[in-house]
Amino acid sequence: MNLDFSQIVPYIPFILEGIWVTLKFVIVAIIFGFVFGSILALLKISHIKPLNWFADAYTSIFRGTPLILQLMIIYFAIPQLTGYDISPFLSAILAFGLNSSAYISEIIRAGIQAVDKGQVEAAQALGIPYRLMMKDLIFPQALKNILPALMNEFITLTKESAIVSTIGYLDLMRRAQVVGADTYRNFEPLIFVGLIYWVMVMGLTLIGKRVERKLKYSD
Amino acid sequence: MIKVENLYKQFGKTEVLKNISTTIDTGEVVSIIGPSGSGKSTFLRCLNLLEVPTKGKIWIEGQEMTDPKTNIMKVRQEIGMVFQHFYLFPHLSVLDNLTYAPMKVKGLSRDEAQTKAKDLLAKVGLTEKETAFPANLSGGQKQRVAIARALAMEPKLMLFDEPTSALDPEMVKEVLNVMKDLAQSGMTMAVVTHEMRFAREVADRIMFLDEGTLLEEGAPSEFFTNPKTSRARDFLEKIL
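Calculation criteria
Residues numbered from 1 in each chain as written. Chains lettered and ligands numbered in written order. Predicted model: local features only at pLDDT ≥ 70, side-chain atom pairs only at ≥ 80, totals over all residues. Heavy atoms only, no water. 1 Å grid on protein atoms, 1.4 Å probe; cavity = no way out; pocket = protein on both sides within 12 Å on 5 of 7 lines; lining within 4 Å. Points joined across faces, edges and corners; volume = space filled by probe spheres on them. Helix = DSSP H or I, 4+ residues; strand = E, 2+ residues; numbered from the N terminus. Nonpolar A, V, L, I, M, F, W, Y, C, P; charged D, E, K, R; others polar. UniProt positions renumbered as here; feature names shortened; annotations may be inferred. Pairing = 2+ DSSP bridges. Core = buried A, V, L, I, M, F, W, Y, C linked by side-chain atoms within 4.5 Å. Buried < 20%, exposed > 50% of the residue type's maximum accessible area, 1.4 Å probe, protein only. Contact = heavy atoms within 4.5 Å. Phe/Tyr/Trp six-rings, centres within 6.5 Å; stacked < 30°, edge-to-face > 60°. Lys NZ or Arg CZ within 6 Å of the ring centre and 35° of its normal. Salt bridge = Lys/Arg side-chain N within 4 Å of Asp/Glu carboxyl O.

**Q** I'd love a proper account of empty space enclosed by the protein, names of residues and values included.
**A** A complete count under the given rule lists one cavity of 30 Å³ or more for this structure. Approximately 50 Å³ is the volume found for the largest cavity. Contributing to the lining of the largest cavity are Ala125 and Leu126 of chain A together with Arg76, Gln77, Ile79, Gly80, Met81, Ala150 and Met153 of chain B. The dominant element in the lining of the largest cavity, judged by the number of residues it contributes, is strand E6 (residues 79-82) of chain B, at three residues. Considering only residue class, the lining of the largest cavity consists of six nonpolar, two polar and one charged.

Below, the structure is given as structure tokens:
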């Protein structure tokens, strides 16, 4: 069997640097996706029809086309259209943030709508304004219900982040390919970054479990 | 205190309330009774506009609720409401359930709100449950907290929508006792209820609704012993 992990040892620092490169844009994209997804969810449950249409159309487009296509359009097509030379980092954040906000908005919308209607009535009867009611009373309850689905989305995003390697962003995946091309050995670097992805996802899973446990206090 | 004039409510094609007119005076306790589906709850929910009337007018303390220019949020702060299924905020402790609206809506300081809340919890006999979460309370305790939560806003009027219907029988009394105390303290109350003993003993007036119409109203002594309509007689025969 032709397997020799010692061959990639000199490249390990180079690969490990990729962890931060990947995490950097994944974290920003998750925050972006969550904030924008929450706003979209609010538009979806609003009583103003054009806002519903906008949010639904948005979701339909970003869920209905491949993520890699969206990434390519942002990275290759935007410069052609505007002349603005967009960086791989910004393209990655935009593509992943915009894409995951479509999924997250659906998760949050379902979560909000699953909160007992009586909660809204109780808040209304107390004269609590809509904004406060959503922020302090409905949203926290929704969040608790949707946490597993939300964690799932974050995990997917972390793993799918590997496709930014196609626009030359030097993330973990891309670094494995670089090492592979350099050493003519692909198995070892790919297995190595595979392990790193798995550890990162396990980390996310543990964080999710902890948060879930913390929110359980009121049961 | 409350004036209702020619109130109609339709859900789609179904007429749930038909031409209801009545008044409720300050300090008065009114029990709204009638068979299920008669529109009792809808009538009550129209009073604080949780249901928007199809036609007709409602005044609360001289403020016309049905006028689109009225700030309903503001008026609702003066109307406490207690629901059949409590609807406490499950992610907040009992104390926070009581202090949230006074702090955020009325702008009370945390100290003021907590002093007031503790006072109310003592009144409903739940001082020791201050830090508990709603999930850890019995139905009767939840409903007493819900009453205290409504009272924390210092309302001028309290609406009760079948407050004991979701309770185990042995817990009905503790809630009714709190309501009785409240009635004796001079609170204006409108109570949709199936508790005929409460209606008879505590209410100043009975409103009997059937199929969306206010069939008769009067003092409990009169209504329970000598109902005017045959529909009310039938109803009383079935339940008493």
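**Q** Please give an account of the UniProt feature "transmembrane region" (unreviewed entry) in chain A that cites residues and values.
**A** UniProt's entry tags residues 20-43, 55-78 and 190-208 of chain A with the feature "transmembrane region" (unreviewed entry), counted in the numbering of this structure. Summarising residues 55-78 of chain A: 92% helix, 0% strand, and an end-to-end C-alpha distance of 23 Å.

**Q** Got a sec to walk through the pairing of strand E10 (residues 213-218) of chain B? Specific residues and values, please.
**A** Residue and element names in this part refer to chain B. With five bridges connecting them, strand E9 (residues 205-210) and E10 associate as antiparallel partners. Bridging from a neighbouring strand, methionine 207 pairs with glutamate 217 of E10. The antiparallel pairing of E9 with E10 creates a hairpin that spans two residues between the two strands, and glutamate 211 there sits at a positive phi of about 50 degrees.

**Q** Pulling in residues and values, what's your account of the nonpolar core?
**A** Inside soluble globular proteins, nonpolar side chains tend to come together where they are buried. By size, the foremost hydrophobic cluster in this structure holds 87 residues, and its most contacted members are Phe96 and Ile128 of chain A together with Ile32 and Phe43 of chain B. Not counting residues up to four positions away in its chain, the partners in contact with isoleucine 32 of chain B are Lys40, Phe43, Leu44, Ala190, Val191, Val192, Thr193, Met207 and Leu209 of chain B. If you look at the next biggest cluster of nonpolar residues, it comprises 48 residues, including Met187, Ala199, Phe224 and Ala232 of chain B.

**Q** How would you summarise the packing of aromatic side chains if you had to cite specific residues and measurements?
**A** Summed over all chains, the structure comprises 12 aromatic pairs over all chains. Here tyrosine 58 of chain A and phenylalanine 62 of chain A contribute two aromatic rings whose centre-to-centre distance is 4.5 Å and whose plane-to-plane angle is 25 degrees, an arrangement assigned as stacked. Linking tyrosine 58 of chain A with phenylalanine 62 of chain A, this pair stays in helix H2 (residues 49-64), spanning four residues, or about one helical turn. Here tyrosine 58 of chain A and phenylalanine 62 of chain A have matching classes, each one buried. A cation over an aromatic ring shows up here: lysine 3 of chain B above the ring of tryptophan 59 of chain B, its NZ or CZ 4.9 Å from the ring centre.

**Q** So what's going on with the pattern of salt bridges? Residues and values would help.
**A** Counted under the stated rule, the structure contains 22 salt bridges over all chains. The partner of lysine 104 of chain B in a salt bridge is aspartate 136 of chain A, and the shortest N-O contact between them spans 3.6 Å. One end of the pair, lysine 104 of chain B, is in helix H3 (residues 94-104); the other, aspartate 136 of chain A, is in helix H6 (residues 130-160), on a second chain. For glutamate 222 of chain B, the salt bridge is made with lysine 228 of chain B, and the minimal N-O distance between the two is 4.0 Å. According to the relative accessible area criterion, glutamate 222 of chain B is partly exposed, its value standing at 43%. Accessibility expressed as a relative area gives 54% for lysine 228 of chain B, which makes it exposed. Taken together, the shared-partner salt bridges connect Lys117 and Glu121 of chain A together with Arg45 and Glu51 of chain B into one network.

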